[in-house]
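# An overview of the molecular structure
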Amino acid sequence: QVQLVESGGGLVQPGESLRLSCAASGRVFSINAMYWYRRAPGGQRELVANIISGGNTNYADSVKGRFIISRDNARNTTSLEMNSLKPEDTAVYYCNVVARTDSMSPFRSYWGQGTQVTVSS
C-alpha cells in the first residue's frame, strides 16, 4: 500500500503565503500523476492543481498565477506553493497520487488525510 502524509497547513492573513507538502511512502514503485484538491466548508471537492510524471502542470483558473505545484520524483513528494492567499482559498487541502506498488500492478489512486488552510484577517 501507499501512504500519503500532508503537512504545511495553517492560519494566515490575506496576501500571505503557505507551502503544502505531501510525501508518499510504503510500497511506492512509481507515481504517475500527483494532484492537490481542496474542499471548502459546505462546498464540493475541487481540483486545485496537478502535475504528471513528465512535469506538465495544470491549474484551476482560481489559482493560476498564485499557486505553483512541483514534485520530487526521487523523494516521492509533491508541494504546493500558495501565494497571495485569499479568504476564498480557505479549505481542507488533500493530496492525491496515482501510483503502483510494483511493475505488474495497476495504477491506483491514493489520498492523504487532508490539511486545513485558513485565510483570515
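Everything in this summary refers to the structure shown in the same document.

## Section: the pairing of strand β7 (residues 67–72)
- Here β7 shows a clear split, with F67, I69 and R71 buried on one side and none of I68, S70 and D72 buried on the other.
- One ladder, built from six bridges, connects β7 with strand β8 (residues 77–82); its direction is antiparallel. Directly across from I68, in β8, lies its bridge partner E81.
- In this structure, the hairpin formed by β7 and β8 is closed by a connection of four residues, where N76 is found at a positive phi of approximately 55°.

## Section: the pattern of salt bridges
- Following the criterion strictly, the structure yields seven salt bridges and no others.
- Residues R38 and D89 are paired through a salt bridge, measuring 3.0 Å at the closest nitrogen-oxygen approach. Linking R38 in strand β4 (residues 30–39) with D89 in the loop between β8 and β9 (91–100), this pair joins segments that are 51 residues apart in sequence.
- On the basis of relative accessibility, which here comes to 1%, the residue D89 falls in the buried class.

## Let's talk about the pairing of β4
- Among the ten residues in β4, seven count as buried, and that is most of the element.
- Relative to strand β5 (residues 45–51), β4 runs antiparallel, the two sharing six bridges. Along β5, the bridge assignment pairs R39 with R45.
- Hairpin connection, β4 to β5: the antiparallel pair is bridged by five residues, and G42 has positive phi, about 75°.

## Description of the environment of R45
- With respect to the helices and strands, the residue R45 is situated in strand β5.
- We classify R45 as partly exposed; its relative accessible area is 45%.
- Linking R45 and V92, residues 47 residues apart in sequence, is a C-alpha distance of 9.3 Å.
- Excluding its chain neighbours within four sequence positions, the residues that come into contact with R45 are Y37, R38, R39 and W111.

## Some words on the side chain of E6
- When you line up the elements, E6 lands in strand β1 (residues 2–7).
- Buried and unpaired, E6 has R45 as its nearest opposite-charge partner, separated by 10 Å.
- Only 2.5 Å separates the side chain of E6 from the backbone nitrogen of C95, close enough to count as a polar contact.
- A distance of 3.1 Å separates a polar side-chain atom of E6 from the backbone nitrogen of Q113.
- Apart from residues lying up to four places away in sequence, E6 is in contact with S21, C22, W36, Y93, Y94, C95, G112, Q113, G114 and T115.

## Here's the deal with the state of the cysteines
- The final tally for this structure, using the stated rule, is one disulfide.
- Each disulfide pairs two cysteine sulfurs, and for C22 the partner residue is C95, the sulfurs being separated by 2.1 Å. Because the sign of the S-S torsion sets the handedness, a value of about -80° for the bond joining C22 and C95 places this disulfide among the left-handed ones. In this pair, C22 is assigned in strand β3 (residues 18–26) and C95 in strand β9, connecting sequence segments 73 residues apart. For the pair formed by C22 and C95, the shared burial category is buried.

Cut-offs used in this document
Residues numbered from 1 in each chain as written. Predicted model: local features only at pLDDT ≥ 70, side-chain atom pairs only at ≥ 80, totals over all residues. Heavy atoms only, no water. Buried < 20%, exposed > 50% of the residue type's maximum accessible area, 1.4 Å probe, protein only. Helix = DSSP H or I, 4+ residues; strand = E, 2+ residues; numbered from the N terminus. Pairing = 2+ DSSP bridges. Salt bridge = Lys/Arg side-chain N within 4 Å of Asp/Glu carboxyl O. Contact = heavy atoms within 4.5 Å. Lys, Arg positive; Asp, Glu negative; His and termini not counted. Polar contact = N/O pair within 3.5 Å; in protein donor to acceptor, adjacent residues only side chain to side chain. Disulfide = S-S within 2.5 Å.

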